[in-house]
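Tertiary structure, described
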Amino acid sequence: NFIDVNVPEDWTNTTDNWVSAENDVTVSYKILETIDDEGLLNDYFGATEWHNRDIPEGEGYIQFFAVKDVNGKKLYSTEEPVPYKYDNTDPEKPVLKIIKENGRHYIQNKEPIDDGLSGIKEIKCDDACESIDYEETDTGIYFKIPITDGKANQNIKVEIYDNAGNYADPYIHVNNFKW
């Protein structure tokens with residue numbers, strides 16, 4: 001074996017450290033839809049040289065190959081295919097609006113948010129917010145965040161994280177409301 005493969009089991013937004021190899025080893029890979037992709041499994045030819053990037057986002061299987069030149073002969077090493085979950089795209093940054101309901105002011109997203117790949121993991125707000133209520137629908141997530149009294153004339157940041165660690169951080173300016 002000329003390489004060590006360490007693909008994380010969970011969603012990730014980077015391919016760093018998925019493979020380590022000796023300096024004189026060329027690492028290549030193939031993406032497989034299933035573990036049984038006939039004609040692709042264990043076939044080095046047609047593999048793409050590995051550069052820690054440029055793999056398709058989503059879920060699938062990846063198989064790594066190594067080639068080492070020893071005394072003019074090429075030695076090949078084939079690793080078993082492993083599942084991967086890769087998402088390096090930030091969640092969509094929603095347009096925020098301020099609404100008034102039952103005498104309180106809230107930050108709310110105008111359209112549902114959806115990550116499209118790894119899914120939304122967490123929605124956070126800075127100290128201007130008390131809590132976050134959200135509702136998951138077929139089209140995405142709607143959230144409503146009560147604004148803490150006395151936070152007028154400030155920019156409030158909402159952070160939206162997906163399961164791979166990517167994030168979007170829209171801001172909204174809170175005007176001088178009559179609290």
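Residues numbered from 1 in each chain as written. Predicted model: local features only at pLDDT ≥ 70, side-chain atom pairs only at ≥ 80, totals over all residues. Heavy atoms only, no water.

**What to know about the overall build of the chain**
Condition: Only DSSP runs of H or I with at least four residues qualify as helices, and only runs of E with at least two residues qualify as strands; both kinds are numbered from the N terminus onward. For every residue, the accessible area obtained with a 1.4 Å probe (protein chains only) is divided by the maximum for its type, and the residue is called buried under 20%, exposed over 50%, and partly exposed between those limits. Residue contacts follow a heavy-atom distance rule, with two residues in contact if any of their heavy atoms lie within 4.5 Å. Methods summary: accessible areas were calculated by the Shrake-Rupley approach with a probe of 1.4 Å, and residue burial reflects only the protein chains presented.
When you go through the chain residue by residue, the secondary structure sums to zero helices and 15 strands. By the burial criterion, 39% of the 179 residues in the chain qualify as buried. If you take every contact in the chain between residues at least 6 apart in sequence, the share linking residues at least 24 apart comes to 58%. For the chain, the exposed area adds up to about 10,700 Å²; of that, 40% sits on carbon and sulfur atoms.

**Observations regarding the sheet that holds strand E8 (residues 96–101)**
To keep things clear, this is the line we draw: DSSP bridges decide pairing: two strands pair if at least two such bridges lie between them. Lines fitted to the C-alpha atoms define the axes, with helices restricted to the stretch that makes contact. Angles between their N-to-C directions range from 0 to 180 degrees.
Spatial ordering of the open sheet is given by E8-E9-E12-E11, a layout of four strands whose pairing is antiparallel. Since the sheet does not close on itself, it has two edges, and those belong to E8 and strand E11 (133–137), each with one partner. Across the sheet, the axes of successive neighbouring strands diverge by a mean angle of 25°, strand direction being ignored. The pairing of E11 with strand E12 (residues 140–146) spans five bridges and is classified as antiparallel. Within the sheet, the bridge partner assigned to Glu135 lies in E12 and is Tyr142.

**Observations concerning the confidence of the model for the chain**
Quick note on the threshold: Each residue gets a pLDDT score, which is the predictor's confidence in that residue and runs from 0 to 100.
For the chain, per-residue confidence averages 86 on the pLDDT scale, and residues scoring 70 or more make up 92% of the total. Taken element by element, the predicted model of the chain shows its lowest mean pLDDT in strand E15 (residues 171–174) (84) and its highest in strand E7 (residues 82–86) (95).

**A short note on the pairing of E11**
Of all five residues making up E11, only zero are buried, and the element is barely covered by its neighbours. What sits between E11 and E12 in their antiparallel hairpin is a turn of two residues.

**Notes on the packing of aromatic side chains**
Put simply, the rule is: Aromatic pairs are defined between Phe, Tyr and Trp rings, using the six-membered ring for Trp, whenever the two ring centres lie within 6.5 Å; interplanar angles under 30 degrees are classed as stacked, those over 60 as edge-to-face, and all others as tilted.
Under the criterion given, the structure shown has six aromatic pairs. Plain terms: the ring middles of Trp18 and Trp50 are 6.1 Å apart, the flat faces sit at 15° to each other, and that makes the pair stacked. One end of the pair, Trp18, is in the loop between strand E1 (3–5) and strand E2 (19–21); the other, Trp50, is in the loop between strand E4 (48–49) and strand E5 (58–70), and 32 residues separate them in sequence. Here Trp18 matches Trp50 in class, with each residue buried. On the numbers, 6.1 Å between centres and 55° between planes, the contact of Trp18 with Tyr84 is tilted. Pair noted here: Trp18 is in the loop between E1 and E2 and Tyr84 is in strand E7, with a separation of 66 residues, a long-range link. A single burial state applies to Trp18 and to Tyr84, both of which are buried. What links up through ring pairs into an aromatic cluster is the set Trp18, Tyr29, Trp50, Phe64, Tyr84 and Tyr86.

**Comments concerning the pattern of salt bridges**
Worth spelling out the cut-off: A side-chain nitrogen of Lys or Arg and a carboxyl oxygen of Asp or Glu constitute a salt bridge if their distance falls within 4 Å.
Here the structure, examined in full by the defined rule, presents five salt bridges. Close ionic contact of Lys93 with Asp169 constitutes a salt bridge, the shortest N to O distance being 3.7 Å. Of the two residues, Lys93 is situated in the loop between E7 and E8 and Asp169 in the loop between strand E14 (167–168) and E15; the sequence distance between them amounts to 76 residues. Note that Glu159 is salt-bridged to Lys157, the shortest N-O span being 3.1 Å. Its relative accessible area of 22% is what places Lys157 among the partly exposed residues. Taken together, the shared-partner salt bridges in this structure form one network comprising Glu22, Asp24 and Lys68.

**A closer look at the pairing of E15**
Side chains of E15 alternate between two faces, with Ile172 and Val174 buried and Tyr171 and His173 left unburied. With four bridges joining them, strand E13 (residues 154–162) and E15 adopt antiparallel strand pairing. Paired with Gln154 across the two strands is Val174, which belongs to E15.

**A short note on the environment of Val25**
Its location among the elements puts Val25 in strand E3 (residues 25–32). Taking C-alpha positions, Val25 is 9.7 Å from Tyr76, a pair spaced 51 residues apart along the chain. With near-sequence residues (within four places) excluded, Val25 lies in contact with Phe2, Ile3, Ala66, Val67 and Lys68.

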